[in-house]
Amino acid sequence: MKDLLTIADLGADGIHEIMHAADSFAEVCQRPIPKVPALRGKTIASMFFEDSTRTRTSFETAAKRLSADVMNFSASSSSVNKGESLRDTVETIEAMGVDAIIVRHRSSGAPQQISRWANASVINAGDGWHAHPTQSLLDVYTIREEGRSFEGLRIAIVGDISHSRVARSNIEAFTLLGAEVTLVAPPTLLPPYVETLGAKVSHDIDTVLANTDVLYLLRMQNERMDQALVPSLGEYHRAFGLTPDRARKLADSALIMHPGPMNRGIEISPEVVDDPRVRVLNQVTNGVIVRMAVLYLVLSTAGADRSDA
Amino acid sequence: MSFFIHGGSIVGPKGVERADVLVTGSSIVAVGLDLPVPNSARHIDASGQIVMPGLVDLHAHLREPGNEEAETIETGARGAALGGYTAVIAMPNTDPTTDSPSIVRDVLAIAEGTLCEIVPSAAMTVGREGTLLTPMGELAAMGVRIFTDDGRGVQDPALMRSIMEYATGLEAITGGAPVVLAQHCEVEALSSGGHMHEGEWSTRLGMAGQPAEAETLMMIRDIALARRTGARIHFQHVSTAEGVEIIRAAKAEGLAITAEATTHHFTLTDAVCSSYNPVFKVHPPLRTDADVAALRLGLADGTIDCIATDHAPHEPHTKEFPFDQAPAGMLGLESALALALTELDLPIERIVELMSTRPAEIAGINDRHGNPVETGQRANLTIVDPNAEWTVAGAAMASRSHNTPYEGRTVRGKVQYTFLEGELTVEQGKATR
């Protein structure tokens, strides 16, 4: 695996390989000194063309626990604002000598483009509305950690599917592993031709809850009202939010997940945030573990891949 | 200077037939077999090749004045000649906009002596800003026949109505020659923020799309206004199946509507955007297999009048931005004929209608372009080897830019010679200067 760009590129086998590696790193993270020399001497550039404190911190923590050196690049303080092309920016960073580039970009497809220009491995940390594969991997890890089998698992993803890279990657990951995915949203927050994504669709969360093993809530953005996609956040909350009443319809064994940061009172009522079925902090913890696995697998095999080319 | 073009098949008034052609000065002086050939005539061996009227492109961006790093009139004209063109209508989205007689004069002066006749079009609205009329009367008086805000459709229906009404009065100035309003059909309220066709692929790729209705709604509006005003409307780069259907109905009704389809819209689909390579970004966007099929049918049955290139050079580094930030547009002049011959299952006579006869008529330059190969016509000619295969390579093109979407594709049909007013502009596949 030279790059990690999308879940589809990985396939089910690739997901399993990463899960297996993540199990070992979970053990590392339990140690008093949670650090191993696996990537000592490797340099990783963290290129965030879009702000993201959480994903960036998670990746950097993962890299440091593997003893890699991390080079920071943020678009706001760079020549990107001076009209430099993406290719020039990437080639400049690569010329400093990096083994892997972690990319977050607001434009869909930017990591794919970068992977064509860079010799270094490229890891997609989220691109536009397109993909966020490490989020999906940590979500898969979190569900798997509960001892759940994905075969036939009923997962409902609720919220703004249209503008969500998390939704696209999770639909890919969950369906690849055999889960039944239902997307729950008003039609305005579903992309056109949504059926091509391979999931079922519902506009009514209340009929879905009782038959759901994992309820996955997406973050609702304020700007969707300005675009007249929903009338108000209040109406969204009343129609699609996880209220205490709705939480009661969920099975005791169900899991409630969210990629963060949560909008309390919008996609989830404040009272439900502390429900024992909520796994949000486990997701964050597992994010570091899974990203360690990804960095390790990409950087320990990339050299071999390149010599084949 | 005389040229004796022998051994080829001509596309003449009676269709394709074996005939030799004698060119003297700027005219075709004889067509037939066993022609008496003056000793001084230069022999051009056209065996196995087709001698056709020079191609006419209704839609090319030559970037001069204003963006000479991407293309100049000289390099664009050279590329056009290599593609078999003898006339190209230059789009007015230059910098400054071609919206006044002085800029039109500049374009004509720069185009003097290049390898292709460059026919300027002019904007319908000042600066293509969609608010004020350009001096269409003055422009028409100096010979401008096509008005367009290409790259932007006129969004305001009241303004479009006014442009149409005003244009119908200009035939008094042009001596009855038609004035054509070429519309870029795009309702921006529906398309803005979109970077590719709105469809299955945009959903999978997580990209904002431009729905087909952005094109068709403006077509429906303009047809309604044309019905009222009697203006001559030409729909540029039709890209949707619904659009083809709308034009078919308007023509059946007898309205003076014409339409073009670009090479890329009938050869490529939105699936190519899955590489996120901005070389495939274009407006209107590449659409679906069903749209491609409808365009091909429209080209075959006459619903679509002509093939245009929408040749849109962009400097290489501008296509090295993310897809949503890169400029839209792709090269076309040097590959259009080969793609038409390779991809369209149409007789050569129909290809000539689509790429020469009809565009010359629409542009009002059919006194010198787009006529059958026959005695007495001006010697604007293209000689193509219909079976020669070649591989498209952006870096090998005459254009200053390299943004061809067909990089590496093997195509059939190579322009060997192009004559502009009886002078060779292309000889054995190479530009003469």
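Residues numbered from 1 in each chain as written. Chains lettered and ligands numbered in written order. Predicted model: local features only at pLDDT ≥ 70, side-chain atom pairs only at ≥ 80, totals over all residues. Heavy atoms only, no water.

1. A word on the overall build of chain B
Looking only at helices and strands, one finds twelve helices and 21 strands in chain B. Relative to the compact-globule value of 22 Å for 433 residues, chain B shows a C-alpha radius of gyration of 21 Å, a close match. With respect to the three principal axes, the spread of C-alpha positions in chain B is 65 × 50 × 40 Å. Per-residue burial for chain B yields a buried fraction of 62% across its 433 residues. Of the roughly 14,700 Å² of accessible surface on chain B, a fraction of 49% belongs to carbon and sulfur atoms. Both charge centroids of chain B, one from 31 positive and one from 56 negative side chains, sit 2 Å from each other. (Helix = DSSP H or I, 4+ residues; strand = E, 2+ residues; numbered from the N terminus. Rg over C-alpha atoms; globule rule 2.2 N^0.38 Å. Buried < 20%, exposed > 50% of the residue type's maximum accessible area, 1.4 Å probe, protein only. Areas by Shrake-Rupley, 256 points an atom, 1.4 Å probe, with all protein chains shown as cover. Lys, Arg positive; Asp, Glu negative; His and termini not counted. Charge placed at Lys NZ, Arg CZ, Asp CG, Glu CD.)

2. Focus on helix H9 (residues 241–252) of chain B
Residues and elements named next belong to chain B. Along its twelve residues, H9 runs 17 Å from first to last C-alpha, staying within 8% of the 16 Å computed at 1.5 Å per residue. When H9 is considered as a whole, its buried residues turn out to be Gly243, Val244, Ile246, Ile247 and Ala250. Looking down the long axis of H9, one finds its buried residues gathered within 160° of arc, a one-sided arrangement. Close packing links the buried residues of H9 with helix H8 (213–229), strand E15 (232–235), strand E16 (257–262) and helix H10 (289–301). In the segment just after H9, Gly254 is the residue with positive phi, at about 95°. (Expected span 1.5 Å × (residues − 1). Arc of directions from axis to C-beta. Contact = heavy atoms within 4.5 Å.)

3. Description of the nonpolar core
Nonpolar side chains in soluble globular proteins tend to be buried together. Core analysis: the biggest nonpolar cluster contains 89 residues, and Leu137, Ile157 and Phe174 of chain A have the highest contact counts within it. Both of domain 1 (7–132 + 287–308) and domain 2 (147–278) of chain A provide at least three residues apiece to this core. When sequence neighbours within four positions are dropped, the list of residues in contact with Phe174 of chain A reads Asp139, Val140, Ile143, Phe150, Ile155, Ile157, Ala179 and Val181 of chain A. In terms of nonpolar packing, the next biggest core, distinct from the first, is built from 73 residues, Ala140, Val187, Ile247 and Leu354 of chain B among them. (Core = buried A, V, L, I, M, F, W, Y, C linked by side-chain atoms within 4.5 Å. Domains from an automatic or database assignment.)

4. Focus on the pattern of salt bridges
Taken as a whole and assessed by the stated rule, the structure comprises 33 salt bridges over all chains. A salt bridge links Asp3 of chain A to Lys2 of chain A; the shortest N-O distance between them is 3.7 Å. A salt bridge links Arg18 of chain B to Asp20 of chain B, with the shortest nitrogen-to-oxygen separation between them at 3.3 Å. Classification of Arg18 of chain B as partly exposed rests on a relative accessible area of 40%. Within this structure, Lys251, Asp305, Arg358 and Glu361 of chain B form a network of salt bridges that share partners. (Salt bridge = Lys/Arg side-chain N within 4 Å of Asp/Glu carboxyl O.)

5. Comments concerning the domain arrangement of chain B
Frequently, the measure chosen for interface size is the accessible area that the parts lose on association. Residue and element names in this part refer to chain B. According to the domain assignment, chain B contains domain 1 (2–50 + 377–431) and domain 2 (53–363). The straight-line distance from the C-alpha centre of domain 1 to that of domain 2 is 26 Å. Taken together, the 32 residues of domain 1 in the interface contact 48 residues of domain 2. Together, the buried faces of domain 1 and domain 2 total about 3,200 Å²; carbon and sulfur atoms form 64% of this surface. Contact with domain 2 buries area across many residues of domain 1, yet Arg400, Asn403 and Tyr406 alone supply 21% of it, more than any other trio. The interface formed by domain 1 and domain 2 includes one salt bridge. Across the pair Arg409 and Glu343 runs a salt bridge, and its minimum N-O distance is 2.8 Å. The interface formed by domain 1 and domain 2 contains 19 residue pairs in polar contact (both at pLDDT 80 or more). Broken down by secondary-structure element, the contributors of at least two residues to the side of domain 1 that touches domain 2 are strand E3 (15–18), strand E18 (381–391), strand E19 (410–420), strand E20 (423–427) and strand E21 (430–431). For the side of domain 1 that touches domain 2, the element with the highest residue contribution is E19, accounting for seven residues. (Buried area = accessible area lost by both parts, 1.4 Å probe. Polar contact = N/O pair within 3.5 Å; in protein donor to acceptor, adjacent residues only side chain to side chain.)

6. Thoughts on the interface of chain A and chain B
Opposite the 22 residues of chain A that make contact, chain B presents 20 residues. Here chain A packs against chain B, burying approximately 1,700 Å² in sum over the two surfaces, 57% of which is carbon and sulfur. On inspection of chain A and its partner chain B, the count reaches one salt bridge. For the interface between chain A and chain B, the tally reads eleven residue pairs in polar contact (both at pLDDT 80 or more). Those elements that place two or more of their residues in the side of chain A that touches chain B are helix H3 (86–95) and helix H4 (110–117) of chain A. No other element matches the four residues that H4 of chain A contributes to the side of chain A that touches chain B. Counted by class, the side of chain A that touches chain B contains seven nonpolar, ten polar and five charged residues. (Nonpolar A, V, L, I, M, F, W, Y, C, P; charged D, E, K, R; others polar.)

7. Side note on the packing of aromatic side chains
Summed over the entire model, instances satisfying the criterion amount to five aromatic pairs over all chains. Residues Phe25 of chain A and Tyr296 of chain A carry aromatic rings whose centres are separated by 5.5 Å and whose planes lie at 65° to one another, so their mutual orientation is edge-to-face. Of the two residues, Phe25 of chain A sits in helix H1 (residues 7–30) while Tyr296 of chain A sits in helix H12 (residues 280–308), which places them 271 residues apart along the sequence. Given the relative accessible area of 8%, Phe25 of chain A is considered buried. Judged by centre distance (4.9 Å) and plane angle (75°), the rings of Phe3 of chain B and Phe419 of chain B are edge-to-face. Of this pair, Phe3 of chain B sits in strand E1 (residues 2–6) while Phe419 of chain B sits in strand E19, placing them 416 residues apart in sequence. Accessibility expressed as a relative area gives 4% for Phe3 of chain B, which makes it buried. Arg291 of chain A extends its terminal NZ or CZ atom over the ring of Phe59 of chain A, reaching a point 4.9 Å from the ring centre. Lying over the aromatic face of Trp390 of chain B, Lys414 of chain B brings its terminal NZ or CZ to 4.9 Å of the ring centre. (Phe/Tyr/Trp six-rings, centres within 6.5 Å; stacked < 30°, edge-to-face > 60°. Lys NZ or Arg CZ within 6 Å of the ring centre and 35° of its normal.)

8. Observations regarding the domain arrangement of chain A
Residue and element names in this part refer to chain A. Domains assigned within chain A are domain 1 (7–132 + 287–308) and domain 2 (147–278). Of note, the centres of domain 1 and domain 2, computed from C-alpha atoms alone, are 28 Å apart. In this complex, domain 1 contributes 17 residues to the contact, which on the side of domain 2 involves 14 residues. Taken together, the connections running from domain 1 to domain 2 amount to one salt bridge. Arg165 is the salt-bridge partner of Glu50, the closest N and O atoms lying 2.9 Å from each other. Counting every contact that joins domain 1 to domain 2 gives five residue pairs in polar contact (both at pLDDT 80 or more). When contributions to the side of domain 1 that touches domain 2 are tallied by element, the ones reaching two or more residues are H1, strand E3 (100–105) and strand E4 (121–127). Ranked by residue count, the leading element in the side of domain 1 that touches domain 2 is H1, at six residues. In terms of residue class, the side of domain 1 that touches domain 2 is made up of six nonpolar, seven polar and four charged.

9. A short note on the sheet that holds strand E8 (residues 55–60) of chain B
All names here are of chain B. The parallel open sheet is built from three strands, whose spatial order is E8-E9-E10. The open sheet has two free edges, formed respectively by E8 and strand E10 (117–120), since each of these has just one partner strand. Strand-to-strand twist in this sheet, taken as the mean axis angle between neighbours without regard to direction, amounts to 20°. Across four bridges, the pairing between E8 and strand E9 (residues 85–90) is parallel. Among the inter-strand pairings, Val56 is bridged to a residue of E9, identified as Ala87. Each of E8 and E9 touches helix H12 (residues 348–363); the most contacted strand, E8, lies at about 55° to it. (Pairing = 2+ DSSP bridges. Axes fitted to C-alpha atoms, helices over the stretch in contact; angles between N-to-C directions.)

10. A closer look at the environment of Tyr276 of chain B
Relative to the helices and strands, Tyr276 of chain B resides in the loop between E16 and H10. Along the chain, Tyr276 of chain B and Leu205 of chain B lie 71 residues apart, while their C-alpha atoms are 8.5 Å from each other. Among the polar contacts listed, one links the side chain of Tyr276 of chain B to the side chain of His130 of chain A, at a separation of 3.2 Å.

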